[in-house]
Amino acid sequence: MDGPEVELRVAARPAHLSTVRAVAKAVARSTPELAIDLVIAVDEACTALIARARTGTQLLCRFVREGDSVRFRAQVPSSAVTVPDHDSLYWRVVSSVTDAVATWVEGDGHLRVELRCRA
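Residues numbered from 1 in each chain as written. Predicted model: local features only at pLDDT ≥ 70, side-chain atom pairs only at ≥ 80, totals over all residues. Heavy atoms only, no water.

Q: Explain the nonpolar core to me, and be specific about the residues and the numbers.
A: Judged by nonpolar contacts, the single largest core of 36 residues is most densely connected at Val20, Leu59, Cys61, Phe63 and Phe72. Elements that contribute at least two residues to this core include exactly β1 (5–11), α1 (17–27), α2 (32–52), β2 (58–66), β3 (69–77), α3 (89–97) and β5 (110–118). Ranked by the residues each element gives to this core, the list is headed by α2, at 11 residues. In this structure, valine 20 is in contact with Leu8, Val10, Val42, Cys46, Leu59, Cys61 and Phe63, ignoring residues within four places of it in sequence. (Core = buried A, V, L, I, M, F, W, Y, C linked by side-chain atoms within 4.5 Å. Buried < 20%, exposed > 50% of the residue type's maximum accessible area, 1.4 Å probe, protein only. Helix = DSSP H or I, 4+ residues; strand = E, 2+ residues; numbered from the N terminus. Contact = heavy atoms within 4.5 Å.)

In structure tokens form, the structure reads like this:
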């Protein structure tokens, strides 16, 4: 898979993390190192988003395979006004297995994360 975007919408609940991890693994399946890092990063990012999501909302995830890397974006409706601290376990784990990561709150009330993993 190179180029096409895979989009996944699930209820913003921890019970659905296994589905998101399975999609991450499938997107990066041709490169085992990439798959391991991507699954770890996606799991941590989605866990952080779900913890801050409004009750009854959806987690929206997008994966794009770009050559030897995968770009992942996710968002949830949230009442959070700040992002996870850069000293948090979330930030340390995600930044250690990705090439780039950003987390921000949009004015529309969505908490968003974007990351890139490269093989």
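Picking up where we left off.
Q: Give me the pattern of salt bridges: which residues, what numbers.
A: Following the criterion strictly, the structure yields 10 salt bridges and no others. One salt bridge connects glutamate 5 with arginine 62, and the closest N-O pair in it is separated by 3.3 Å. Taken together, the residues glutamate 5 in strand β1 and arginine 62 in strand β2 connect sequence positions 57 residues apart. Relative accessible area serves as the criterion here: at 23%, arginine 62 is assigned to the partly exposed category. The partner of aspartate 43 in a salt bridge is arginine 21, with the nearest N and O atoms 2.8 Å apart. Residue aspartate 43 is located in helix α2, and its partner arginine 21 is located in helix α1; the two are separated by 22 residues in the primary sequence. (Salt bridge = Lys/Arg side-chain N within 4 Å of Asp/Glu carboxyl O.)

Q: Mind laying out the pairing of β3, listing which residues take part and the relevant values?
A: Taken across its nine residues, β3 has eight buried, putting it largely inside the fold. Two strands pair when backbone bridges link them, and β2 and β3 are joined in this way by seven bridges, in the antiparallel orientation. Of the residues in β3, the one forming a bridge with arginine 65 is valine 70. Linkage of β2 to β3, two consecutive antiparallel strands, is achieved through a turn of two residues, within which glycine 67 is found at a positive phi near 65°. Across nine bridges, β3 lies against β5 in antiparallel orientation. (Pairing = 2+ DSSP bridges.)

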